[in-house]
Every structure is written in structure tokens, then in C-alpha cells.
Amino acid sequence: MADLTQPFDILVIGGGNAALCAALCAKRGVEKVLVLESAPQVFRGGNSRHTRDIRYMHAGPTEYVTGPYLEDEFWDDLLRVTGGETNEQLARLTIRESADLADWAPQHGVRWQRPLHGTLHLARTNVFMLGGGKAMVNAYYDAAHRMGVQVAYESEVRELKIRDGEFLSAVVQRNGASQEVRAKAVVVASGGFEANVSWLKEYWGDAADNFVIRGTPYNQGRMLADLLEHGARAVGNPREFHAVALDARAPKFDGGIVTRLDSVPFGIVVNRDAQRFYDEGEDFWPKRYAIWGGLIARQPDQIAYSIVDAKAMGKFMPSVFPPIEAPSIGELAAAFGLDPAAVAATVEAYNRAVRPGVFDPATLDDCRTEGLDPPKSHWALPLDSPPFYAYPLRPGITFTYLGVTVNERAQVIMDDGRPARNIFAAGEVMAGNILGRGYLAGFGLTIGSVFGRIAGREAARHAGR
């Protein structure tokens, strides 16, 4: 068990990908690095243990990706999903610094696997971890242990002692006792506030009670709130978050990636009133799947239903929960307590609007609707092949975009515009600098990996002076 009574060079708050990347890099420059993870060891890793792939810049195909993904395309993809709500300097830094991740991660025990196939079309842009995020997190903890990084589990930081923008110590609750831990520099990598439903309610009201938290229940936002209270400059819209269409039958917390629904592009989505409310085929799923949680959050009762027919089955990665099946649209609607006549009318209107085309899930095909509002721009096929299937959908919150402002050295920027001397941030707590809204599949790990490494290096540089 880590001895918290001794002074440390670097204190890393958090236990996921960003925190571990910071600790691994910091340890190369200083002797005493401590990671404080609020979760028990069995649940260590935060949201990172639910991941499976990371987006990175690369010049050509390898054993694990099928082709090149260069800076300009990466940047264009990010611009498209954020609508320009991003700090270009930090975003381009993230993109460029991601280029060596495919080599750096295996140097610390991570193993890659050949790309998966399916709805997300990520075989060219993203590399997949063998064993997923849990295996990645375990590899990084093993590497940290070998290097001499100390780790304290079930150790929650309750307060940061900061004076004139300088970190002095952290008040840590462990084993029912409170103690003060001192360090020359701190890296805050403890995530957002998505698991704090009371905080979400400040922006969403009672609708937040219907949100499902995909990841760890330990991301309560305590460090984010503390930094803001101490004068860190906020960044990001507090109402914005990375949220997906999640199976409504998922547990409130920690359901992870297996509860996500990827069926949306292959059918239609209706709300409680049996009305469609958005273009299901607007763009490739990796560039749109993370807007669907927010869309559903704005629907009555925060509930929606993904409806497909027999033609769609096998074309997407299903939820861990089986779909509801029925021989007719009316019977399918009744199974969810929806008005059968209203659902049937919506399906009939959609079917009439579908125009012939060449269906191809791998391209932005010409299968579309005409005269329908909202339209379906691609992959529009009539729902006419029984049996019919449906999944109930809820907003699945991954992480929040409200965070602290940082510079290219991962230093936290204070309200007066000056960087804090020895306070650094990485991961979800600062992702709002780069993700003002929207999301790219695998990009959260990219931000955490890049800024975790930067924060670790810069914290060590400061501590070694």
C-alpha cells in the first residue's frame, strides 16, 4: 500500500488512460510518482476500461489499419463533428502527437488486433486493443508497477490546496481517514461530472433522471468543481456531452460499450409519440453515433425506439440485450406500449418516401427518401420484411464537455489568463478545449493519451527544476 505521508514529485489524480499515460511519462523524469484512484482496484481505470479502439494519425496501412489517415483528413473530420467549436491549436497538436501512439502503447504492454468490421467503419482510421480497454488499462498499470509508480486505490481526493494558482497539496480520504498529500506538481486526470446526476440536473432538470451513465460511477466531477472554485478558467458548454443511443434496459452505471445500439442507420427511430425526429442516415455512424444521446435527451420522457426489419439483422453490432421481435409493425408497437396505428402510419410514410438506389453500408450510398421531413439521406430501405425488430433507447452519457482550459503544455489556465505553475490536466477534464460538441469514434482516448503524456512530461520538468 502506498505511503501517503511522504512528499512526492508528481501527484496524478485519476486512474484511467490519461492518468496512466501521465504517470508513465512523469516517471521517466522524476523519482516519486503517486497515482490516486478513487475506485477499488477491481474497478480501476474509469471510463477507459470500457473502450476498444483509438483514433490516430498514420501515413499508410499496417497489419492493424487498412490505409492512411493524415492530418488534413483528421482535422476535417473533427471540424465536421464539432461545427468548428474547437481550439485549432490544441486540436492539431492532438492530431500530430497521436502519430506515434500505435508504437508507444505496445512499448507499455498494449497489444493490437486486426480491425473489427461493421457499422462503425473504423478499419482505416482506428486501431483496436486486443482485449479492449480493460486489457489496455491492465497493461499500463503493470508497466507503471514495473517502473516504480506508486498507486493508491479507494483514495478519493476531497480538496486541492491551491494558493495564487500554485498547487500545494491534496486532501485525500482513504480507509475512513483524511490525510494531506504533498507534491511538487499535480496532474488532474479524474474525468468529468457525468456520474453526478445532481450536477446534470442543474442543466437538464428532471430529464437527467432518465439518463444512463455508460461508464464509471466514480466520475463525480469533484476535481473539476474544485479547480473551477480555485479560479481555473472554464471551457465547454455544460449542457453538452458525448452521449450515444443506449439500450434502455442497460444498468444505470457501468454498462459500457456492449449496451450501445448501432442499428440506427439501418431503420428508423421514433419517439414516444411515434414520430421520427432526425435523419438516421445523415453521415457515417462514427461521425454521428455520439449525437444520438443528445437527440434522445431532448425527446419526451427521454425515450426512443430503433425499428428495423429482417433485412437489417446481421449488419450491425447488436446490444447485449436481444431486440423485441414481432410479425407486424402494429404488434411491435404494442409490445412497447406505443400507439400501433401511429407507428404504422409513420412506417408507411417512410416506406412511400424511399427512392430506389444501390444499398451499400460502406459508402454514402444513394438510398434516400424524398419529400419526407426529416429526411433519411443514406441507407434508406423500406421496412417491409418481417419479422420486425425494435430496441428501446435512452441517452447513454459517456462524458461531459465542461472542463478547464489548458495550453499546449497541458497547464491549467486561470481566470486571469496566466497558466498555473504546477497544475496540469489531461483527459475528459480538459477535452472541452477540443470537443466543443460532437464526437469522433476513438477520439476521447486520443485526447487522453496525447495530453496525458504531455502533462506527465511537463509536470516532471517542473518538479525536476
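Cut-offs used in this document
- Residues numbered from 1 in each chain as written.
- Predicted model: local features only at pLDDT ≥ 70, side-chain atom pairs only at ≥ 80, totals over all residues.
- Heavy atoms only, no water.
- Helix = DSSP H or I, 4+ residues; strand = E, 2+ residues; numbered from the N terminus.
- Rg over C-alpha atoms; globule rule 2.2 N^0.38 Å.
- Buried < 20%, exposed > 50% of the residue type's maximum accessible area, 1.4 Å probe, protein only.
- Contact = heavy atoms within 4.5 Å.
- Lys, Arg positive; Asp, Glu negative; His and termini not counted.
- Charge placed at Lys NZ, Arg CZ, Asp CG, Glu CD.
- Pairing = 2+ DSSP bridges.
- Axes fitted to C-alpha atoms, helices over the stretch in contact; angles between N-to-C directions.
- Salt bridge = Lys/Arg side-chain N within 4 Å of Asp/Glu carboxyl O.
- Core = buried A, V, L, I, M, F, W, Y, C linked by side-chain atoms within 4.5 Å.
- Parallel < 35°, antiparallel > 145°, perpendicular 65-115°, else oblique.
- Left-handed = near helix turned anticlockwise from the far one by under 90°.
- Nonpolar A, V, L, I, M, F, W, Y, C, P; charged D, E, K, R; others polar.

**Q** Would you explain the overall build of the protein in this entry?
**A** When helices and strands are tallied, the protein shows 11 helices and 21 strands. Relative to the compact-globule value of 23 Å for 465 residues, the protein shows a C-alpha radius of gyration of 23 Å, a close match. Taken along its principal axes, the extent of the C-alpha atoms in the protein is 70 × 50 × 40 Å. Put simply, the protein has 465 residues, and 60% of those count as buried. Within the protein, contacts between residues at least 6 apart in sequence are counted, and of these 74% link residues at least 24 apart. Positive and negative side-chain charges of the protein, numbering 49 and 55 respectively, have mean locations separated by a distance of 5 Å.

**Q** What am I meant to see in the sheet that holds strand β5 (residues 126-129) here?
**A** Pairing within the open sheet is antiparallel, and its three strands lie in the order β3-β5-β4. Strands at the two margins of the open sheet, each flanked by one partner only, are β3 (53-55) and β4 (112-113). Pairing geometry for β3 and β5, over three bridges, is antiparallel. Considered in β5, the bridge of D53 is made with F128. Contacting β3 and β5, helix α11 (residues 443-463) crosses the sheet at an angle of about 75 degrees to β3.

**Q** Can you help me understand the pairing of strand β7 (residues 155-163) in this one?
**A** Two faces, one strand: in a regular strand the side chains alternate between the faces of the sheet. When β7 meets strand β8 (residues 166-174), the two strands line up antiparallel, connected through eight bridges. Across the sheet, I162 pairs through a bridge with F167, a residue of β8. Hairpin connection from β7 to β8: two residues lie between these consecutive antiparallel strands, with D164 at a positive phi of about 55 degrees.

**Q** When you look at the pattern of salt bridges in this model, what are you seeing that I'm missing?
**A** Two side chains that carry opposite charge are able to pair once their charged atoms sit near each other. For the structure shown, the criterion picks out 32 salt bridges. Two residues, R124 and E73, come together in a salt bridge whose shortest N-O distance is 2.6 Å. With a gap of 51 residues between them, R124 in the loop between β4 and β5 and E73 in helix α2 (residues 71-82) connect regions that are remote in the sequence. Where salt bridges share partners, they join E71, E88, R92 and R96 into one cluster.

**Q** Looking at this structure, I do not really get the nonpolar core. What am I missing?
**A** Soluble globular proteins: nonpolar side chains tend toward being buried together. Counting residues in hydrophobic clusters, the biggest one holds 139 residues, and the most contacted among them are I10, L11, L160 and F451. In contact with F451, other than residues within four places in its own chain, are L90, L93, T94, V406, N407, A410, A425, A426, M430 and I434. In terms of nonpolar packing, the next biggest core, distinct from the first, is built from 22 residues, A274, A333, L338 and L372 among them.

**Q** Help me understand the pairing of β5, please; the structure alone is not making it clear to me.
**A** Along β5, one buried face is formed by N126 and F128 and the opposite face, lined by V127 and M129, is buried too. Judged from the two bridges that link them, β4 and β5 form a sheet pairing that is antiparallel. Directly across from W112, in β5, lies its bridge partner M129.

**Q** Is there a simple way to think about the packing of helix α1 (residues 17-27) against helix α5 (residues 132-147) in this case?
**A** Each packed pair of helices is defined by two parameters, the angle between the axes and the distance between the axes. As a packed pair, α1 and α5 sit with axes 10 Å apart at the nearest point and diverge in direction by 25 degrees. If you check the angle between α1 and α5, you find them roughly parallel. The handedness of the crossing between α1 and α5 comes out as left-handed. Across the interface between the two elements, N17, L20, C21, L24 and K27 from α1 touch M136, V137, Y140, Y141, A143, A144 and M147 from α5. Looking at side-chain class alone, the contact of α1 with α5 contains 10 nonpolar, one polar and one charged residues.

**Q** Looking at this structure, how should I read the packing of α1 against α11?
**A** Two numbers describe how α1 lies on α11: the axes approach to 7 Å, and their chain directions differ by 35 degrees. By crossing handedness, the relation of α1 to α11 is classed as right-handed. Contact residues: α1 offers N17, A18, C21, A22, C25 and A26, while α11 offers L445, G448, S449, G452, R453, G456, R457 and A460. A breakdown of the residues in the contact of α1 with α11 according to their chemical character gives seven nonpolar, five polar and two charged.

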